[in-house]
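# Breakdown of the fold
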Amino acid sequence: MTETTCSRTIAAAFVAFTLPLAATQAFAAGSHAGGHGTPVFGEPGDPALASRTVTVEMDDNYYEPERIAVKAGETVRFSVTNAGGFVHEFNIGTPEMHVAHQDEMAMMVEHGVLMPDHIDHVAAAAMQASMGHGQHDDPNSALLEPGQTAELVWTFPEDGVIEFACNVPGHYDAGMAGSFEFVETLAQN
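Residues numbered from 1 in each chain as written. Predicted model: local features only at pLDDT ≥ 70, side-chain atom pairs only at ≥ 80, totals over all residues. Heavy atoms only, no water.

### Here's the deal with the sheet that holds strand β10 (residues 177-183)
The strand order β4-β10-β9-β6-β7 describes an open sheet built from five strands, whose pairing is mixed. Only two strands of the sheet have a single partner each, and these edge strands are β4 (67-71) and β7 (141-144). Neighbouring strand axes in the sheet, compared pairwise and without regard to direction, differ in orientation by 20 degrees on average. Pairing of β4 with β10, which is carried by five bridges, proceeds in the parallel orientation. Bridging from a neighbouring strand, valine 70 pairs with phenylalanine 182 of β10. Along the sheet face, helix α2 (residues 95-110) touches β6 (88-93), β7 and β9 (163-165) and points at about 145 degrees away from the line of β6. (Pairing = 2+ DSSP bridges. Helix = DSSP H or I, 4+ residues; strand = E, 2+ residues; numbered from the N terminus. Axes fitted to C-alpha atoms, helices over the stretch in contact; angles between N-to-C directions. Contact = heavy atoms within 4.5 Å.)

Written as structure tokens, this is what we have:
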């Protein structure tokens with residue numbers, strides 16, 4: 001087993017252990033208003049203006065690729081697939097936004113919306129009705145069960161520290177995050 005494979009296996013075991021624990025802890029309610037859609041990290045993009053499609057694969061507990069080059073102001077279409085055995089998220093934001101979003105994700109676990117390997121959509125609807133959130137339908141994010149694929153289109157700002165991350169409890173802490181690197185020209189494949 002390679003060092004990378006071993007690290008990923010340990011990370012997956014860590015996540016499998018921490019998800020049930022998180023469901024038994026009380027967490028403060030997070031706010032999704034904390035900057036979503038603001039120029040600090042970009043905004044939802046017009047699909048007709050997407051310059052390219054970037055394919056992202058989520059697994060237990062990493063992304064492929066882990067780093068994505070973008071140009072200032074570029075609109076990118078992301079095709080995101082969850083190839084892992086757990087629920088994972090592709091969420092675009094600043095590191096501070098990810099920390100704030102983790103509280104909401106923990107609350108989704110606490111209320112039975114997020115299970116390690118699936119999303120309870122009935123519980124999500126009930127949480128949405130009673131608390132105003134739970135559906136996790138923000139334009140900068142895709143929360144996917146194993147085997148699911150989603151697409152999102154994002155227009156990047158001129159510059160900034162922006163990353164993509166999985167905020168399911170335990171995943172970000174286990175290293176499930178990647179970065180956007182602002183470049184002047186994109187490398188040709």
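### A word on the pattern of salt bridges
All told, the structure shown has two salt bridges when counted by the stated rule. One salt bridge in this structure joins arginine 52 and glutamate 74, with 2.7 Å as the shortest N-O distance. One end of the pair, arginine 52, is in strand β2 (residues 52-59); the other, glutamate 74, is in the loop between β4 and β5 (75-82), with 22 residues separating them in the sequence. (Salt bridge = Lys/Arg side-chain N within 4 Å of Asp/Glu carboxyl O.)

None of this, on its own, says anything about what the molecule does.
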